[in-house]
Amino acid sequence: MDTTMRAAVLEAPGPVELLRVVRLPKPEPTPGWVRIKVEAFGLNRSELHTRLGLAEGVTFPRVLGIEATGTVDLDPDGVLRPGQQVMTMMGGMGRTFDGGYAEYTVVPREQVIPFASELPWEVLGAVPETLQTAYGSITVGLNLRPGQSLLIRGGTSALGLVVATLAKDLGATVLSTTRDPDRLGALAEHGVDHPLVDDGKVAAQVREIFPAGVDAALELVGTPTLPDTLAAARVHGTVCFTGMLSNQWTVPDFYPIGYLPRGVRLSAYGGEAGDLPAEVLQRYLDRIAAGEITAGPIHVYPMDEIRAAHSDLEHGHRFGKLVVRVN
């Protein structure tokens, strides 16, 4: 029995060359923890932030990865059966303890979500963190309702695409931005009602469509575009700050009365595995399998190409979700 595994380890913050695939001892779960045989994992901006040295509280060397999808390999408490399909995310993965960039990962049982699906692992691997964040942003951050209008700032990101899918499924009118005019058609094909080129003045474009402003807006770019996104919302509308594609997430010298448009609400969202109900996950997977909704474009890499995947993530070379198929 092999007692080692392959894992992508970040030796220290810095360039992508510091991310290496090595052999490590297979981790052993203690009571309350579960070992998962990882089949696929998605890449996230959070891991890029860690690699670039922008994350706090991380010790190195570290196996990155805030999410993983696979099967239960060992539950020392016998609660989850071996072979059960599961997803896991957050809870310190890839930061305070080793994460999903590996053939096996050990996580607290409380952050493991069982499911059953015959979808390919690379599709399943694209789901956990993106769905959790999209679902939470819509339900908690925005409290979006059927018939309302939603602006997604940073719409060609994997998260932006899933938010568009969920919002359309809810019955919302979706406006979504891209900096690349060549991607407008892709947004339309994904179901976006009003694809917009982000020229830095999206609020003006939004108000040509909705003169009073949109009911809700999701900020995925970061603080550089937040004032313009706020200006696109109607009085009593809500803007939720969820993403930081720009790697900028603080507002210097924040003066609320001068910064916030009168009557516009600003919220934020960040969630954990417990914020994604198992029934929501299962229904989402079932609807993808039935062809009723799409997970969006997925770009698959083998583990040995983790550096190429991280470089594509950093420089925005791909449209959609980046997934590593472990075996």
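Look up: the structure comes first, before these words.
Numbering of residues begins from 1 in every chain and follows the order in which that chain's sequence is written. Side-chain atom pairs in this predicted model are given and counted only at pLDDT of 80 or more, local residue features only at pLDDT of at least 70, and totals for whole chains, interfaces and linings cover all residues. To get the side-chain values, all heavy atoms of the structure are used, and hydrogens and water are removed first.

Regarding the packing of helix α3 (residues 128-141) against helix α4 (residues 158-170)
Lines are fitted to the C-alpha atoms to define the axes, a helix being fitted only along its stretch in contact, and any angle between axes, read from their N-to-C directions, falls within 0 to 180 degrees. Secondary structure elements follow DSSP: runs of H or I no shorter than four residues count as helices, runs of E no shorter than two count as strands, and numbering proceeds from the N terminus. Look at α3 against α4: their axes get within 9 Å of each other, and the N-to-C directions meet at 50°. It follows that α3 is oblique to α4 by the angle criterion. Crossing handedness for the pair α3 and α4: right-handed. Contacts between α3 and α4 involve Thr130, Leu131, Thr133, Ala134, Tyr135 and Ile138 from the first element and Ala158, Leu159, Val162, Val163, Leu166, Ala167 and Leu170 from the second. Relative orientations are named as follows: roughly parallel for angles under 35 degrees, roughly antiparallel for angles over 145 degrees, roughly perpendicular for angles from 65 to 115 degrees, and oblique for any other angle. Each crossing gets its hand from how the near helix is turned against the far one by less than a right angle, where anticlockwise is left-handed and clockwise is right-handed. Here, residues are in contact when the closest pair of their heavy atoms is within 4.5 Å.

Some remarks on the environment of alanine 289
Position of alanine 289 relative to the elements: it lies in helix α9 (residues 278-289). A simple rule labels every residue: compare its accessible area, found with a 1.4 Å probe on the protein chains alone, to the largest value its type can have, and call it buried under 20%, exposed over 50%, or partly exposed in between. On the basis of relative accessible area, alanine 289 is assigned to the exposed category, the value being 56%.

Focus: the sheet that holds strand β13 (residues 233-241)
Judged by pairing direction, the sheet is parallel, and its 6 strands sit side by side in the order β11-β10-β9-β12-β13-β14 without closing on themselves. Looking at which strands have only one partner, the edges of the open sheet turn out to be β11 (194-197) and β14 (265-268). The sheet shows a mean angle of 20° between the axes of neighbouring strands, taken without regard to direction. Pairing analysis gives 4 bridges linking strand β9 (residues 149-153) to strand β10 (residues 173-178), with the strands arranged parallel. In this scheme, strands are said to pair when DSSP sees at least two bridges between them.

Some remarks on a nonpolar patch on the surface
A cluster of nonpolar side chains, namely Leu52, Leu54 and Trp249, defines an oily patch on the protein surface of about 230 Å² accessible area. Note on placement: tryptophan 249 falls in the loop between β13 and α8 (256-259). Patch construction takes residues with relative accessible area above 30% that form no salt bridge. Like charges are linked within 9 Å, and nonpolar side chains (Val, Leu, Ile, Met, Phe, Trp, Tyr) are linked within 5 Å. Shrake-Rupley sampling with a 1.4 Å probe provides the accessible areas, and residues are treated as covered by the protein chains on show and by no other component. Each salt bridge in this description consists of a side-chain nitrogen of Lys or Arg and a carboxyl oxygen of Asp or Glu lying within 4 Å of one another.

Considerations on the packing of aromatic side chains
Any Phe, Tyr or Trp ring, taking Trp's six-membered ring, that has another such ring centre within 6.5 Å forms a pair; planes under 30 degrees apart are called stacked, those over 60 apart edge-to-face, and the others tilted. Under the defined criterion, the tally for this structure stands at 3 aromatic pairs. Between tryptophan 33 and phenylalanine 97 the ring centres are 5.1 Å apart and the planes differ by 75°, which places this aromatic pair in the edge-to-face class. Taken as a pair, tryptophan 33 in strand β3 (residues 33-42) and phenylalanine 97 in the loop between β6 (85-89) and β7 (104-108) lie far apart in primary sequence, 64 residues in all. Look at phenylalanine 97 and you get buried, because its relative accessible area is 15%. Summarising the aromatic geometry, the rings of phenylalanine 41 and tyrosine 101 are spaced 4.5 Å apart at their centres and angled 20° between planes, so their arrangement reads as stacked. Of this pair, phenylalanine 41 sits in strand β3 while tyrosine 101 sits in the loop between β6 and β7, and the two are 60 residues apart along the sequence.

Remarks on empty space enclosed by the protein
The rule is simple: put a 1 Å grid over the protein atoms alone, call a set of points where a 1.4 Å probe fits but cannot get out a cavity, call an open set with protein on both sides within 12 Å along at least five of seven lines a pocket, and count a residue as lining if it has an atom within 4 Å of a point. Grid points are joined across faces, edges and corners, and a volume is the space filled by probe spheres set on the points. Using the criterion set out here, one finds 1 cavity of 30 Å³ or more in the structure. Along its surface, the largest cavity is lined by Ala126, Val127, Thr130, Leu131, Ala158, Val162, Tyr284, Ala295 and Lys321. Put simply, the parts of the chain that give the lining of the largest cavity at least two residues each are α3 and α4. Residue classes in the lining of the largest cavity are distributed as 7 nonpolar, 1 polar and 1 charged. Under the scheme applied here, ten amino acids are nonpolar (Ala, Val, Leu, Ile, Met, Phe, Trp, Tyr, Cys and Pro), four are charged (Asp, Glu, Lys and Arg), and all others, including Gly, are polar.

Describing the sheet that holds strand β4 (residues 62-63)
Strand order in this open sheet of 3 strands is β2-β1-β4, and the pairing throughout is antiparallel. At either end of the open sheet lies a strand with only one pairing partner, and these are β2 (19-25) and β4. Pairing between strand β1 (residues 4-10) and β4: 2 bridges, direction antiparallel. Each bridged residue has a counterpart across the sheet, and for valine 9 the counterpart in β4 is valine 63. Sheet contacts for helix α10 (residues 306-315): β1 and β2; angle to β2, the most-contacted strand, approximately 135°.

Concerning the environment of glycine 237
In this structure, glycine 237 sits in strand β13. Expressed as a C-alpha distance, the spacing of glycine 237 and tryptophan 249, which sit 12 residues apart in the sequence, is 21 Å. Filtering out sequence-adjacent residues up to four positions away, glycine 237 remains in contact with Asp215, Gly263, Val264 and Arg265.

With respect to the nonpolar core
Ranked by size, the top nonpolar core spans 41 residues in total, and within it Leu131, Leu150, Val163, Leu281, Tyr284 and Leu285 carry the most contacts. When residues of this core are traced back to their parent elements, those giving at least two are β6, α2 (121-124), α3, β9, α4, β12 (214-219) and α9. No other element matches the 7 residues that α4 contributes to this core. Those residues in contact with tyrosine 284, other than ones at most four positions away along the chain, are Val127, Leu131, Val162, Leu166, Ile293, Thr294 and Ala295. By nonpolar core we mean a set of buried residues, namely Ala, Val, Leu, Ile, Met, Phe, Trp, Tyr and Cys, connected to one another through side-chain atoms within 4.5 Å. Membership of the second largest hydrophobic core comes to 34 residues, among which are Val34, Ala68, Leu80 and Met303.

Considerations on α4
Expected span, for any helix, means 1.5 Å times one less than how many residues it has. With 13 residues, α4 ought to run about 18 Å at 1.5 Å a step, and its terminal C-alpha atoms sit 19 Å apart, in line with that. Summarising burial for α4: 10 of the 13 residues are buried, a large majority. One or two positions beyond α4, positive phi appears at glycine 171, with a value near 105°.

A closer look at unusual backbone geometry
In this structure, the amide linkage connecting phenylalanine 60 to the following residue, proline 61, adopts the cis form with an omega of 0°. Mapped onto the secondary structure, proline 61 falls in the loop between α1 (45-51) and β4. Notably, asparagine 247 is not glycine yet its phi reads approximately 65°, a positive angle. Its location among the elements puts asparagine 247 in the loop between β13 and α8. By relative accessible area, asparagine 247 is classed as partly exposed at 23%. Although it is not a glycine, aspartate 253 adopts a positive phi angle of roughly 50°. Structurally, the position occupied by aspartate 253 is in the loop between β13 and α8. On the basis of relative accessibility, which here comes to 78%, the residue aspartate 253 falls in the exposed class.

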